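Fold and geometry: a report
Given next are the chains, with one letter for each unit.
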Amino acid sequence: MLNLNKKIEKSDKNSGFKKRSFKKLWKVLIILLVIVALIYFPIRGVYSSGKKMIAGTKTMNEAVKNNDLDGIKRGLEEIKSGDDALNISLNFLIWMRIIPFVGSYYGDAVHFAKASQYELQAAKVLVDSLEPHKAELGMTGQSTPGQDKIAQFVKILNKILPEIDKVEPELKKASDEVSSIDVNKYPEAFGQYRLRGQVDTAKNFITGAHYAVTQAKDALMQAPSALGEPEAKTYLLIFQNDKELRPTGGFMTAYAFLTLDKGRVNSSQSDDIYRLDEKLLSVCRSKICPLTPPAPIVKYLPEANGKPRSAWSMRDSNMSPDVPTSMKQFAKMYELLGEGIPWNGIILIDTHVVEELIKITGTIEVFGTKYSAQKDERCNCPNVIYELESYAQIIEKGQEDRKAILGTLMQQILARSLGSATDKLPEFINAGVKLAQGKHLMFFMTDPKLQESLDKLDWTGRVKTPKYDYLMLNNSNFAGGKTNLYVEADAKLDISIDSSGKVKHKLELNYKNPQVYNTWLNGINRTYVRVYVPKGSKLTSSKGSEVNVTTIEDDLGKTVFEAFIQVRPASSRQLIFEYELPGTFSGKEYDLLIQKQPGTRDFDYTVNINGSKKEQFKLNRDKELEIKI
């Protein structure tokens, strides 16, 4: 009996152990099921839907390449199917929002997925509008040669322009979805991928689409005419060397004439700026030319023999920081040649434009010289910059066998751009818009409507009229070599508003050249400094200038403080201006417009009001501040 009881007890214990084991196993299974339901299946769904979207993108890119409208539609349908699945899968991962660090990236993915839905709806409307014109546009499955792509684009643009009002609401929803995404939190690279750059391109492409049909609508409507439809247009392309900084962005080194005829591009003439000055000198030997140089040129930019300049050359005509004013002066000088004005507009570019485009196109060879974005140890800078500066050096020495590379280089870049895969199109658009907003690419058009539409985009380099306070720093490198390749600058503006509303400013400018001496690239930077402030401002004190600071009461509707400094290699300099604004200030919001000088890098700015830091940023474009007091 005792043994039986022990057996029963042992059996009960085994049964209890099995029950507990079964319960534990059941819990494990439940946890596994939850993990599978909440993590595995949704992530698998994200992966598979992503693959479907990539496949659809490839289908569409191939169709675009082959001008196959039906293929484009199929590609859009595949992308939409993948995007719909992606949104569903992401909804199952909503719990990821609460996870520190990961949550913000999940949120970005949701915003991009939703934005894609709106973009695809807009794209379908535009693509469907092309269906009746498929044969006319040549979108029946035959590829278009690279040079004819712009011509075809002009035709397509003419067809979709009447439809842009229909897609604006969807594009606005897409833009709103991604507007809050902070691109800077992403690492520069993830393995072999340029992660931050790709996220930035995607965001800008989405916001840019809405910008194009709203703020840029006027310019978009003018685009066919500007691209030579129905009449050909000729543009003067001027290369400004921003490493030898001048008021509009750089020393005007070379030029080329580009003709656009129904979208087809041809470079008819290309040369360096000294050739034009040689023509001007020849003309002015036989007649009186009104070429008295401005005072700053006489004072700070001597002839090679050290004597003051007695004549104003075309290469130095961009003395006004207002690009339209400088280009009008350039045109006046060109007219003295007796050739009239053989262009419909002027396009200004600098080294940043060439560098950014070559990053996308890859290495380009012109006249046996390779231009790439790889670091060049000879200058501690990208190779394309070194080669462009070498070219500028050859021009300035006046060597007889110097080659006119600008037209050929730009045509090569354009040809490579047009021949690139369609998936690179967002990169080109993103780069172009950023370069224009950063004043590395600027336009001066003879057509008033086109100029006005570009002006609305801030792509003309115009000096603006502020609501209240204003600041623009303008530096001119006079006989200081290519030193702006290395010279850095930052600005700190301390604003004091007393109880009576009187406004006082202390502007601190810090210049630094961290690079050691180099015979032709890096020597002494000789900078003529102009500080543009509200008209009627009074300078109360200054420090750091090598000459007495002078005041110009009115230039471009502003008061200007003039100074001069020299920054040597591996050294720094500081300039300080203290001044009072006219009148008094009363209000709860302080309006301040800070304009960026064309051609400059994105230098650091700090704005303090009554001892409190209000703004700190890199000035990568004109910036309008509305600061709460």
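First things first, this report covers the structure right here in the doc. Small disclaimer: the values here were computed from a predicted structure and weren't measured.

Adjacent strands of a sheet pair through backbone hydrogen bonds, lying either parallel or antiparallel. Pairing is mixed across the open sheet formed by six strands, whose spatial order is 15-16-13-10-18-21. Every other strand in the sheet has two partners, leaving strand 15 (550-555) and strand 21 (623-628) as the edge strands with one partner each. Taking each pair of neighbouring strands and ignoring which way they run, the sheet shows an average axis angle of 25°. Pairing analysis gives six bridges linking strand 18 (residues 589-595) to strand 21, with the strands arranged antiparallel. Looking at the pairing, I594 lines up with K623 of strand 21.

Pairs of aromatic rings are described using the distance from one ring centre to the other and the angle between the two planes. The tally for this structure, following the rule as stated, stands at 18 aromatic pairs. Measuring from ring centre to ring centre gives 5.1 Å for F101 and Y105, while their planes differ by 65°; the resulting arrangement is edge-to-face. Classification of Y105 by relative accessible area gives partly exposed; the value is 24%. Seen from their ring centres, Y334 and W343 are 4.9 Å apart, and the 70° between their planes marks the pair as edge-to-face. Every member of this aromatic cluster is reached through a ring pair, and the members are Y255, F257, F330, Y334 and W343.

Taken together, the six strands give an open sheet; going across it, the order is 14-17-12-11-19-20, and neighbouring strands pair in mixed fashion. On the outer flanks of this sheet lie strand 14 (538-543) and strand 20 (612-618), each paired with one strand and no other. Geometrically, the sheet is characterised by an average inter-axis angle of 15° between neighbouring strands, direction not taken into account. Where strand 14 and strand 17 (residues 571-580) come together, five bridges link them in antiparallel fashion. Paired with S541 across the bridge in strand 17 is E578.

What follows deals with helix 6 (residues 195-213). Between the first and last C-alpha of helix 6 there are 28 Å, a value that for 19 residues agrees with the 27 Å anticipated at 1.5 Å per step. Every buried residue of helix 6 is listed here: G197, V199, D200, T201, K203, I206, A209, H210 and V213. Where helix 6 is buried, its residues meet helix 3 (102-130), helix 5 (164-178), helix 7 (217-226) and helix 14 (425-437).

For a regular strand, the rule is simple: side chains alternate between the two faces of the sheet. Across the five residues of strand 9 (residues 441-445), five count as buried, placing the element largely inside the fold. Along strand 9, one buried face is formed by L441, F443 and M445 and the opposite face, lined by M442 and F444, is buried too. Pairing analysis gives five bridges linking strand 4 (residues 345-350) to strand 9, with the strands arranged antiparallel. Each bridged residue has a counterpart across the sheet, and for L348 the counterpart in strand 9 is M442.

Rules of the game
- Residues numbered from 1 in each chain as written.
- Predicted model: local features only at pLDDT ≥ 70, side-chain atom pairs only at ≥ 80, totals over all residues.
- Heavy atoms only, no water.
- Pairing = 2+ DSSP bridges.
- Helix = DSSP H or I, 4+ residues; strand = E, 2+ residues; numbered from the N terminus.
- Axes fitted to C-alpha atoms, helices over the stretch in contact; angles between N-to-C directions.
- Phe/Tyr/Trp six-rings, centres within 6.5 Å; stacked < 30°, edge-to-face > 60°.
- Buried < 20%, exposed > 50% of the residue type's maximum accessible area, 1.4 Å probe, protein only.
- Expected span 1.5 Å × (residues − 1).
- Contact = heavy atoms within 4.5 Å.

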